[in-house]
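# Coordinate analysis (summary)
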Amino acid sequence: MPQPTTDANGHVEEIHWPSLIAAISAISAVGIAIGLGLPLLSIILEKRGIPSTLIGLNAAMAGVASMLAAPVTTRLAHDYGVAKTMMLAVVIAAFSAIGFYYADAFWMWFPLRFTFHGATTTLFILSEFWINETAPPRRRGLVLGIYATVLAIGFAIGPLLFSALGSEGVLPFLVGACIILLAVVPIFIARHESPVLDTKPERHFFHYIFLVPTATAAVFAFGAVSAGGLSLFPIYALREQLTESQAAVLLTVMGIGNMAFQIPLGLFSDKLKDRRPLLTAMAVLGVLGSLALPLLIQNWLMMAVVLFFWGGCVSGLYTVGLAHLGARLSGPDLAAANAAFIFCYAVGTVAGPQGIGAAIDVAGNDGFAWALAAFFGFYVAVSVCRMLFRSKRS
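Residues numbered from 1 in each chain as written. Predicted model: local features only at pLDDT ≥ 70, side-chain atom pairs only at ≥ 80, totals over all residues. Heavy atoms only, no water.

What follows covers the overall build of the protein chain. Within the protein chain one finds 14 helices and 0 strands. Going from N to C terminus, the protein chain has its helices and strands arranged as α-α-α-α-α-α-α-α-α-α-α-α-α-α. Taking 2.2 N^0.38 as the reference for a compact globule, 394 residues should give roughly 21 Å; the C-alpha atoms of the protein chain span a radius of gyration of 21 Å, in line with that estimate. Principal axes of the C-alpha set define a box for the protein chain whose edges measure 60 × 55 × 35 Å. The buried share of the protein chain, reckoned over its 394 residues, is 54%. Taking as baseline every contact in the protein chain between residues at least 6 positions apart, the subset at least 24 positions apart corresponds to 83%. (Helix = DSSP H or I, 4+ residues; strand = E, 2+ residues; numbered from the N terminus. Rg over C-alpha atoms; globule rule 2.2 N^0.38 Å. Buried < 20%, exposed > 50% of the residue type's maximum accessible area, 1.4 Å probe, protein only. Contact = heavy atoms within 4.5 Å.)

What follows is about the environment of valine 320. Turning to its location among the elements, valine 320 is positioned in helix 12 (residues 300-328). Here valine 320 falls in the buried class, since its relative accessible area comes to 1%. On a C-alpha basis, the gap between valine 320 and serine 269 in space is 6.9 Å, while along the polypeptide they are 51 residues apart. Residues in contact with valine 320, not counting those within four places in the same chain, are Leu265, Ser269, Arg275, Leu278, Leu279 and Met282.

Taken N-terminus to C-terminus, the directions of helix 4 (residues 109-134) and helix 13 (residues 331-363) make an angle of 135°; their axes are 9 Å apart at the nearest point. Classified by the angle between their axes, helix 4 and helix 13 sit oblique to one another. Crossing handedness for the pair helix 4 and helix 13: right-handed. Residue-level contacts link Thr121, Phe124, Ile125, Glu128, Phe129, Asn132 and Glu133 of helix 4 to Gly331, Leu334, Ala335, Asn338, Ala339, Phe341 and Ile342 of helix 13. Its residues placed into classes, the contact of helix 4 with helix 13 shows 8 nonpolar, 4 polar and 2 charged. (Axes fitted to C-alpha atoms, helices over the stretch in contact; angles between N-to-C directions. Parallel < 35°, antiparallel > 145°, perpendicular 65-115°, else oblique. Left-handed = near helix turned anticlockwise from the far one by under 90°. Nonpolar A, V, L, I, M, F, W, Y, C, P; charged D, E, K, R; others polar.)

For serine 127, the position within the fold is in helix 4. The exposure class of serine 127 is buried, given its relative accessible area of 0%. Excluding residues that lie within four positions of it along the chain, serine 127 makes contacts with Ala23, Ile27 and Met86.

We now examine the pattern of salt bridges. Under the counting rule described, the total for this entry stands at 3 salt bridges. For aspartate 270, the salt bridge is made with arginine 275, and the minimal N-O distance between the two is 3.0 Å. By the burial criterion, aspartate 270 is buried, and arginine 275 matches it. (Salt bridge = Lys/Arg side-chain N within 4 Å of Asp/Glu carboxyl O.)

Bear in mind that shape data such as this cannot, by itself, settle questions of function.
See the structure below:
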């Protein structure tokens, strides 16, 4: 078996496609299932007459599970291996998915949400670690751009499946569980090529949140803006006298921008010696785009153009931030930092809807745009402080 070509630093120079396909295929299957499951579960609870507050509380278990699963994932991967841990997580997620159908009591949905999202968090962390660890440094942005694009397509396919399958009977749950189980196949095939964690990280988990703050703050902002923006934009648009279909199309345009920008941003970041200025520039564009929303909301076409590019900037914080993380760390440190990365994303998905919703209540409808700008502005402040700190040290 020929050995992969390496550079002077021992880094692989060529993309190892079997590993890349295994990790991306696995997480994309999970993405499709999540895209199918989120609207499915909400609709079923609504039909059962569960109050909206309780539905939201049950959905919030996703963020709680992610925050609790992230610190233990690296330890499990060290003890049992990356591939074995991922395959176990796939099985747990699949059985949890089918379990929702048979759980008649509402309280049972809380532990099911916890196990489902805890398992999928493990899959995200280890898939991204696998991709980041095996990606050639000079092509890391491209590889992660491909990963993010395929994952975004998976999330888009999920709702389409829901529209075709509906919410009646066991079929949508069975389809979701089977799609998740399919993720076992590529992981099993490439199990011997998964990265090995011979040693445990030397630092405490929470240390990794602050070890590469430019990356972890970026994914926090991304989580807050994506979760809060997507969930509350329809309310914002309807209050500004847009129709439901117009709001839905604008969200679709933003999603297309998300998919379209991943690979170009990844390729561009590969040409940079330091990805941090690019991250800062995208956050600045995020601030400007957010503040422009109240000025453009009555011009639907201009809104669509701005949201297309704005969606690309938002998603770029995740992709380029992950590439920056991979460029700074490797081995057990990278695995632990990847877990911290997902932890910060989960915190953002909890903080975003709460913060943006509160801003709308306090400041009126324009509070939506101001809150979005504040989350981007937080990242710009972190980035500028980091640059000032580095200049003083030098």
